[in-house]
Amino acid sequence: MDTPDVLLGPFEGFHLAQLNIGRLVAPLGDPAIEDFTKNLSRVNDQGRAMPGFVWLLEGSDPELGATDVAWPGDPEMFVNLTVWESVGALRDFAFSGEHRTLLARRKEFFQKLPEATATMWWVPAGTVPTIQDARDRLAHFREHGATPHAFSFQRLFAPER
């Protein structure tokens, strides 16, 4: 990511919401995705311990993250929704440690989907995004590409004030 450091934040009064979705190659409990499910809790714990972590969407079983949270229109879609103090904080987590290791193996665990599966956007500090917020931002990103409303690591924006 060749980006001006100023875009990595933090920005006073704002936090970064991040969404990524995916459809597993096999149902939860299937041996084909055992390495993913057995490491999910540890990766989430590492995220929570990272500087700049704010919030993580969780389901009913802390060991399985938000795997039982339904994505609108597609209940088989796996949802990861987080909030960070800055792009830099998210980047430091996403591309290091156990998360980086599992990210490199994502093709083993997730189906290739034809559309974008991730986006980011700025929220006022203290705001917890909803699944519907996330769905709307991803739809915007898919339709318009990176804009201040929804963007990616490849093209970052500062918050609109």
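Our subject in this report is the structure included herewith. As the structure is a prediction and not an experimental result, all values here were calculated from the model.

1. Remarks on the overall build of the protein chain
Helices and strands together make up the secondary structure of the protein chain, namely five helices and four strands. The N-to-C order of helical and strand elements in the protein chain reads β-α-β-β-α-α-α-β-α. Its C-alpha atoms give the protein chain a radius of gyration of 15 Å, near enough to 15 Å, the size a compact globule of 161 residues would have. Expressed as lengths along the three principal axes of its C-alpha atoms, the size of the protein chain is roughly 45 × 35 × 30 Å. Look at the contacts in the protein chain between residues 6 or more apart in sequence, and 75% of them connect residues 24 or more apart. Summed over its atoms, the accessible surface of the protein chain is roughly 8,700 Å², and 51% of this surface lies on carbon and sulfur atoms. Across the protein chain, the centroid of the 15 positively charged side chains sits 6 Å from that of the 22 negatively charged ones.

2. What to know about the pattern of salt bridges
Inspection of every chain in the model, using the stated rule, returns nine salt bridges. When the shortest N-O distance is used, the salt bridge between E98 and R42 registers 3.7 Å. Taken as a pair, E98 in helix α3 (residues 97–104) and R42 in helix α1 (residues 34–49) lie far apart in primary sequence, 56 residues in all. You can call E98 partly exposed: its relative accessible area is 27%. Assessed through its relative accessible area of 40%, R42 is described here as partly exposed. The closest approach of N and O atoms between D92 and R91, which form a salt bridge, is 3.2 Å. Overall, the relative accessible area of 40% leaves D92 in the partly exposed class.

3. What to know about the pairing of strand β4 (residues 118–124)
When you tally the buried positions in β4, you get five out of seven residues, the bulk of the element. When strand β1 (residues 14–23) meets β4, the two strands line up antiparallel, connected through seven bridges. For L19, the partnering residue across the bridge sits in β4 and is T119.

4. Concerning the nonpolar core
With 29 residues, the main nonpolar core has L16, F36, V87, M120, W122, F151 and L156 as its most contacted residues. For this core, the secondary-structure elements that each account for two or more residues are β1, α1, β3 (77–84), α2 (87–94) and β4. Take this core: its biggest share by element is four residues, from α2. One finds L57, V69, V79 and V123 within the second-largest nonpolar core, a separate group that totals 16 residues.

5. What about the sheet that holds β1?
Within a sheet, each strand pairs with its neighbour through backbone hydrogen bonds, oriented either parallel or antiparallel. An order of β2-β3-β1-β4 is seen for the four strands of this open sheet, with the pairing classed as antiparallel. A strand with exactly one partner marks an edge of an open sheet, and here the two such strands are β2 (53–56) and β4. Along the sheet, successive strands turn relative to each other by an average axial angle of 25°, direction set aside. With respect to the sheet, α1 is in contact with β2 and β3, its orientation differing from that of β2 by roughly 140°. Its contacts with the sheet place helix α5 (residues 131–144) against β1, β3 and β4, and it is angled at close to 125° to β4.

Calculation rules
Residues numbered from 1 in each chain as written. Predicted model: local features only at pLDDT ≥ 70, side-chain atom pairs only at ≥ 80, totals over all residues. Heavy atoms only, no water. Helix = DSSP H or I, 4+ residues; strand = E, 2+ residues; numbered from the N terminus. Rg over C-alpha atoms; globule rule 2.2 N^0.38 Å. Contact = heavy atoms within 4.5 Å. Areas by Shrake-Rupley, 256 points an atom, 1.4 Å probe, with all protein chains shown as cover. Lys, Arg positive; Asp, Glu negative; His and termini not counted. Charge placed at Lys NZ, Arg CZ, Asp CG, Glu CD. Salt bridge = Lys/Arg side-chain N within 4 Å of Asp/Glu carboxyl O. Buried < 20%, exposed > 50% of the residue type's maximum accessible area, 1.4 Å probe, protein only. Pairing = 2+ DSSP bridges. Core = buried A, V, L, I, M, F, W, Y, C linked by side-chain atoms within 4.5 Å. Axes fitted to C-alpha atoms, helices over the stretch in contact; angles between N-to-C directions.

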